[in-house]
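Here is how the chains run, residue by residue.
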Amino acid sequence: MPGVKGSLLDKQGFPRSDIDVAAVRRDRHRLICLTNDHRALSDRLAGLLAELHAAMRSQAAEAGPSQAAAPAATNAASVPMEVDGGASTSTTTSTTTSSTSGAPATRVGPAATAAAAAAAPAAPPGPSGPALVPFALVDEVTDGSPASAAGLQVGDLLCSFGEVSGAGEDGASPSGSSTAALLQRVAGVLGASEGRAVAATVLRQGAPVAVSLTPQRWSGRGLLGCHLKPL
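Parameters at a glance
- Residues numbered from 1 in each chain as written.
- Predicted model: local features only at pLDDT ≥ 70, side-chain atom pairs only at ≥ 80, totals over all residues.
- Heavy atoms only, no water.
- Helix = DSSP H or I, 4+ residues; strand = E, 2+ residues; numbered from the N terminus.
- Buried < 20%, exposed > 50% of the residue type's maximum accessible area, 1.4 Å probe, protein only.
- Contact = heavy atoms within 4.5 Å.
- Areas by Shrake-Rupley, 256 points an atom, 1.4 Å probe, with all protein chains shown as cover.
- 1 Å grid on protein atoms, 1.4 Å probe; cavity = no way out; pocket = protein on both sides within 12 Å on 5 of 7 lines; lining within 4 Å.
- Points joined across faces, edges and corners; volume = space filled by probe spheres on them.
- Nonpolar A, V, L, I, M, F, W, Y, C, P; charged D, E, K, R; others polar.
- pLDDT = per-residue confidence, 0-100.
- Salt bridge = Lys/Arg side-chain N within 4 Å of Asp/Glu carboxyl O.

Identification of the protein as Nas2 N-terminal domain-containing protein from Chlamydomonas incerta is taken from an unreviewed UniProt entry.

In structure tokens:
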């Protein structure tokens, strides 16, 4: 079979007679449409998550240090990470549920997700310390990859990877150019840490979650099997 990019012509340049050329073209067109829809949803998700966390930081700054202590303790609670045996999914405020097979995604509105987050049970606290500033969105996690085994999920916001952190000295969010530089540093740490665990922190449903990622060779592409999109 020609697959996604194989030639539909024989050696003489005529349409192949051993396959249904029209059906292959329809399938390829459908695949392209689904890929474009998935990319559009991922872009929308990244924008909504960036707006959400910008609003959370603004509210925390207006509340002041004394009043922000209680919300900070609440946000520190997170659900223990689980390795999904099927498609990797994530549900966040204004989120997209996406499978590694490229199936269509479903976005949940801010009001419904906020209500679900308020009703979530208490869990062990996440990492504490300096303010967490996300600089990349995890928009793809391949099933069976090191990232999937570590519990990384689609929709997670990467705040730190090893010594690379999105929070600057003043705690401000990184700009577009500095975000690209941060991802280059992440790639450097990734290549230098093959076979060794690297501590990372992500925001999931507004709560910090510590993840231990071990870059290593596996059956798929890359050392982790996930894709990061700059914010």
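A count of helices and strands for the protein gives four helices and eight strands. Along the protein, from the amino end to the carboxyl end, the secondary structure elements read α-β-β-α-β-α-β-β-α-β-β-β. Counting the 231 residues in the protein, one finds 34% classified as buried. The long-range share in the protein, meaning contacts at least 24 apart out of those at least 6 apart in sequence, stands at 64%. Carbon and sulfur atoms provide 57% of the accessible area of the protein, an area that totals close to 13,000 Å².

We now examine the layout of surface pockets. Roughly 520 Å³ of internal volume is contained in the second largest pocket. What lines the second largest pocket is a set of 22 residues, and nearest its centre among them are Arg 221, Gly 225, Cys 226, His 227 and Leu 228. Residue composition of the lining of the second largest pocket, by class: 16 nonpolar, four polar and two charged.

This next bit is on the environment of Asp 43. Take Asp 43: it is sitting in helix H1 (residues 21-75). Between the alpha carbons of Asp 43 and Lys 229 there is a distance of 9.0 Å; along the sequence they are 186 residues apart.

Moving on, we get to the confidence of the model for the protein. Within the protein, residue pLDDT values average 75, and 67% of them lie at 70 or more. Predicted confidence is poor over residues 68-114, with pLDDT under 50, and the contacts of this stretch with residues over four places away or in other chains come to 99 contacts. Every residue in residues 116-128 scores below 50 in pLDDT, and together they form 17 contacts with partners more than four places removed in sequence or on other chains.

Next up on the list: unusual backbone geometry. Within the chain, Gln 205 stands out as a residue other than glycine whose phi angle is a positive 60 degrees. Position of Gln 205 relative to the elements: it lies in the loop between strand S6 (198-204) and strand S7 (207-213). We classify Gln 205 as partly exposed; its relative accessible area is 42%.

Before going further, it helps to spend a moment on the environment of Phe 161. Among the structural elements, Phe 161 can be located in strand S4 (residues 157-161). In this structure, the C-alpha to C-alpha distance between Phe 161 and Val 186, residues 25 residues apart in sequence, is 6.5 Å.

On to the pattern of salt bridges, then. Taken as a whole and assessed by the stated rule, the structure comprises four salt bridges. In this structure, Arg 16 engages Asp 18 in a salt bridge whose closest nitrogen and oxygen atoms are separated by 2.9 Å. Asp 18 sits in the exposed class, given a relative accessible area of 55%. The shortest N-O distance in the salt bridge between Asp 43 and Lys 229 comes to 1.7 Å. Highlighted residues: Asp 43 in helix H1 and Lys 229 in strand S8 (residues 226-230), separated in sequence by 186 residues.

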